[in-house]
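This is what each chain is made of:
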Amino acid sequence: QVQLVESGGGLVQPGGAMRLSCAASGSIFGIWSMGWYRQAPGKQRELVAKITLSDITSYEDSVKGRFTISRDNARNTVFLQMNSLKPEDAAVYYCYADISEQIGSSSITYWGQGTQVTVSS
């Protein structure tokens, strides 16, 4: 069984920085795309950033130049470095990973439990 465990959320002041981590464990043959979504109260969940196995990244427009996504394949972990945080970045952040559990099997999307990011003075 595959699990994704997030860490790193909390309270930060506007203009501050925070790093989120998400580690996958369990029966894993390969991890393809990994990334982060967020959902603020009353809003739809939106894709913040994603990274492919070949380290191709993409970002939601409002976070470009402020957020950086990276991954450590040896540790099955994805990171989200968030700089110059704004109050509108406050949300629950969810990581995801497209994982194949066995050679030749289709990938399944797994989700982390979510971590709250609060940006406030």
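Refer to the preceding data block for the structure.
Residues numbered from 1 in each chain as written. Predicted model: local features only at pLDDT ≥ 70, side-chain atom pairs only at ≥ 80, totals over all residues. Heavy atoms only, no water.

Draft legend 1. Summary view of unusual backbone geometry. Positioned with a positive phi, D55 is a non-glycine residue whose angle comes to about 70 degrees. The partly exposed category is assigned to D55, whose relative accessible area is 47%. Not every positive phi belongs to a glycine, and N76 is a case in point at roughly 50 degrees. The topology assignment puts N76 in the loop between strand 7 (67-72) and strand 8 (77-82). (Buried < 20%, exposed > 50% of the residue type's maximum accessible area, 1.4 Å probe, protein only. Helix = DSSP H or I, 4+ residues; strand = E, 2+ residues; numbered from the N terminus.)

Draft legend 2. Structural context of the pattern of salt bridges. Counting across every chain of the model gives 6 salt bridges. Between R38 and E60 there is a salt bridge; the shortest N-O distance is 3.9 Å. Of this pair, R38 sits in strand 4 (residues 30-39) while E60 sits in the loop between strand 6 (57-59) and strand 7, placing them 22 residues apart in sequence. Here the salt bridges do not stand alone but share partners, grouping R38, E46, E60, R66 and D89 into one network. (Salt bridge = Lys/Arg side-chain N within 4 Å of Asp/Glu carboxyl O.)

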